Amino acid sequence: MHKLFIIACMAVLITSCSVKKNAVNTSQVTNKATKSELVQRHYANPTDFKTANIRTTVKFKDDKNDQSANAEIRIEKDSKILIVVRYIGITFAKVYITPDRVSYYDVYNSQYFDGDYSLLSNLIGVDLDYTKVQNIFLGKSIYDLNNTTFVTTLENNLQKIKFKTEDGIQNESYFEGANYLLMKTILNQPNLDRKLSLDYNKYNDNNGTYLPSEIKILAQQEQEVAIDIKYNSVSFNDNVSFKYEIPQGFKQITIQE
């Protein structure tokens, strides 16, 4: 259950909406791009902000649970993320992520976890760090395409790239043709029977910042976990608090791999 809770909290982070927002135009791909063109155009999409304060909803489903919750997410770009998860208006959990720390506490069970990225990495079968997690949130390629060898092909009117990482993960990513926005990523580890799919169906222009407006996550390993995320509002560059303190008396737990 703890693993499912963390996956849901991670998913809540992948957000975008704005007080003033407009759908970003996407288009089909007609000509195969070169590697340099794809990299340049993909990273040219603006995601400029110092802080983001986001309200969203998430639906979480596996073979035992079918639940939804509200969450407020506060992001200080390249530094820290605080998520407050609420159910029927009551705070039942907080998650705090920094470049060297992953922590959460669960009010309902009076327990907490405080550790490193091995927790999140083991959950989805990908070696994660803060930059990779933030890239997921922003709709960017998880891996740095500037330092990756790949080939481009056309598939289903999208620009497709495919490569294998040093730790054996097969990466397939698909981009649309207008702004080279990431539409889908599939991370596959056949030898470990693990697969993660991220679908970015739409993007919004939030006052000049392009972010996904919705995302569907499908994690397949010991069991299948499906997460659908809807986004309600976001404000940028507010003076937001990142106060996080594990309550006294809570029991520390570990996560079984």
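Residues numbered from 1 in each chain as written. Predicted model: local features only at pLDDT ≥ 70, side-chain atom pairs only at ≥ 80, totals over all residues. Heavy atoms only, no water.

Describing the nonpolar core
Here's step 1: By size, the foremost hydrophobic cluster in this structure holds 62 residues, and its most contacted members are L38, I81, Y117, L145 and L198.
Here's step 2: No other element matches the 6 residues that strand β14 (residues 224-236) contributes to this core.
Here's step 3: In this view, L198 contacts I136, I142, M183, K184, T185, I215, K216 and I217; residues no more than four positions away in its chain are not counted.
Here's step 4: Counting 8 residues, the second-largest nonpolar core is a separate cluster that includes L82, Y105, V240 and F250. (Core = buried A, V, L, I, M, F, W, Y, C linked by side-chain atoms within 4.5 Å. Buried < 20%, exposed > 50% of the residue type's maximum accessible area, 1.4 Å probe, protein only. Helix = DSSP H or I, 4+ residues; strand = E, 2+ residues; numbered from the N terminus. Contact = heavy atoms within 4.5 Å.)

Remarks on the confidence of the model for the protein chain
Here's step 1: Scored by pLDDT, the protein chain has a mean of 85; 90% of the residues are at 70 or more.
Here's step 2: Highest mean pLDDT in the protein chain belongs to strand β10 (residues 170-175) (96); lowest belongs to helix α1 (residues 2-13) (53).
Here's step 3: Confidence drops under a pLDDT of 50 for residues 14-19, and excluding neighbours within four residues, the segment shows 28 contacts in the predicted structure. (pLDDT = per-residue confidence, 0-100.)

Digging into the environment of L196
Here's step 1: The residue L196 is located in strand β12 (residues 194-206) in this model.
Here's step 2: Among the residues examined, L196 registers a relative accessible area of 5% and is labelled buried.
Here's step 3: Sequence separation between L196 and E224 is 28 residues; the distance between their C-alpha atoms is 9.9 Å.

Details of helix α4 (residues 130-138)
Here's step 1: Taken across its 9 residues, α4 has 8 buried, putting it largely inside the fold.
Here's step 2: Listed in full, the buried residues belonging to α4 are Y130, K132, V133, Q134, N135, I136, F137 and L138.
Here's step 3: One side-chain oxygen at the N-terminal end of α4 lies 3.2 Å from the backbone nitrogen of T131; it belongs to D129.
Here's step 4: Of the residues flanking the end of α4, it is G139, one or two places downstream, whose phi is positive at about 75°. (Polar contact = N/O pair within 3.5 Å; in protein donor to acceptor, adjacent residues only side chain to side chain.)

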